[in-house]
Amino acid sequence: MAGRGCGGGCGPGRANEDNARFLLLGALLALYLLGGAAVFSALERPHERQARQRWEERLAGFGRRHNLSRDALRGFLRHFEEAAAAGVRVDGARPRWDFPGAFYFVGTVVSTIDVSPLHG
């Protein structure tokens, strides 16, 4: 089996040209990412600051109304976040991992498995 012919297109110059294109593509991608980050940061950061300020005001008001220290309230909220992350629901809704919930999860996992290599 013979290899592919160069036709005058491969040699030391060809590799350098490919490397330069790769580096240019990498630089353009980095510039695109930096620009996107700057745009999203400029658009979203003020809203995040406002939401944080509203949260701090609500937290302070709740603490004053119920005579709770800020540390005690933050500790309670930290426990709440841990419970929510573990799947505990405080609203009395059905458990997340009952049979229908587990069946839905398994169906979602199975439906996202790519079996195309098995048919080739």
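Everything quoted here is computed from the prediction, not taken from an experiment.

Caption draft 1: Highlighting the overall build of the chain. Within the chain one finds three helices and zero strands. Per-residue burial for the chain yields a buried fraction of 7% across its 120 residues.

Caption draft 2: Up close: the UniProt feature "transmembrane region" (unreviewed entry) in the chain. The UniProt record annotates "transmembrane region" (unreviewed entry) at residues 22-43. Strand forms 0% of residues 22-43 and helix 100%; the C-alpha atoms that close the span are 32 Å apart.

Caption draft 3: Fine view of a nonpolar patch on the surface. Judged by side-chain polarity, W97, F105, V106, V109, V110, I113 and V115 come together as a nonpolar surface patch covering roughly 660 Å² of accessible area. Examined against the element boundaries, V109 turns out to sit in helix α3 (residues 99-111).

Caption draft 4: Region of the structure containing α3. With 13 residues, α3 should cover 18 Å at 1.5 Å per step; its first-to-last C-alpha distance of 18 Å lies within 8% of that length. Measuring from the backbone nitrogen of G101 back to the side-chain oxygen at the start of α3 gives 3.1 Å, which picks out D98 as the cap.

Caption draft 5: Just unusual backbone geometry, in detail. Positive phi values are uncommon outside glycine, yet N67 reaches one of about 55°. Position of N67 among the secondary structure elements: in the loop between α1 (12-65) and α2 (70-85).

Caption draft 6: Layout of the pattern of salt bridges. Overall, the coordinates contain five salt bridges when judged by the stated rule. Put simply, R74 and E56 hold a salt bridge, and the shortest N to O gap is 2.9 Å. Separated by 18 residues along the polypeptide, R74 in helix α2 and E56 in helix α1 bring together distant segments of the chain. Looking at R74, the relative accessible area reads 28%, which means it is partly exposed. Accessibility expressed as a relative area gives 18% for E56, which makes it buried.

Definitions and limits used
Position labels on residues start from 1 in each chain and follow its written sequence. Selection of residues for local features in this predicted model requires a pLDDT of at least 70, selection of side-chain atom pairs for listing and counting requires 80 or more, and totals for whole chains, interfaces and linings are taken over all residues. As a rule here, side-chain values cover all heavy atoms of the structure and leave hydrogens and water aside. Helix and strand definitions here come from DSSP, where helices need a minimum of 4 consecutive H or I residues and strands a minimum of 2 consecutive E residues; each element is numbered from the N-terminal end. Only protein chains enter the calculation, and the probe is 1.4 Å; a residue is then buried if its accessible area is under 20% of its type maximum, exposed if over 50%, and partly exposed in between. UniProt positions are given in the numbering used here, feature names are shortened, and annotations may be inferred rather than shown by experiment. Residues enter patches when their relative accessible area tops 30% and they take part in no salt bridge; the joining distance is 9 Å for like charges and 5 Å for the nonpolar side chains Val, Leu, Ile, Met, Phe, Trp and Tyr. Computed with the Shrake-Rupley method and a 1.4 Å probe, the accessible areas treat only the protein chains shown as cover for residues. Criterion for a salt bridge: a side-chain nitrogen of Lys or Arg within 4 Å of a carboxyl oxygen of Asp or Glu. Here a helix's expected span is defined as the number of its residues, less one, multiplied by 1.5 Å. N or O atoms closer than or at 3.5 Å make up a polar contact, with two conditions inside protein: a donor-capable atom paired with an acceptor-capable one, and, for residues adjacent in sequence, both atoms drawn from side chains.

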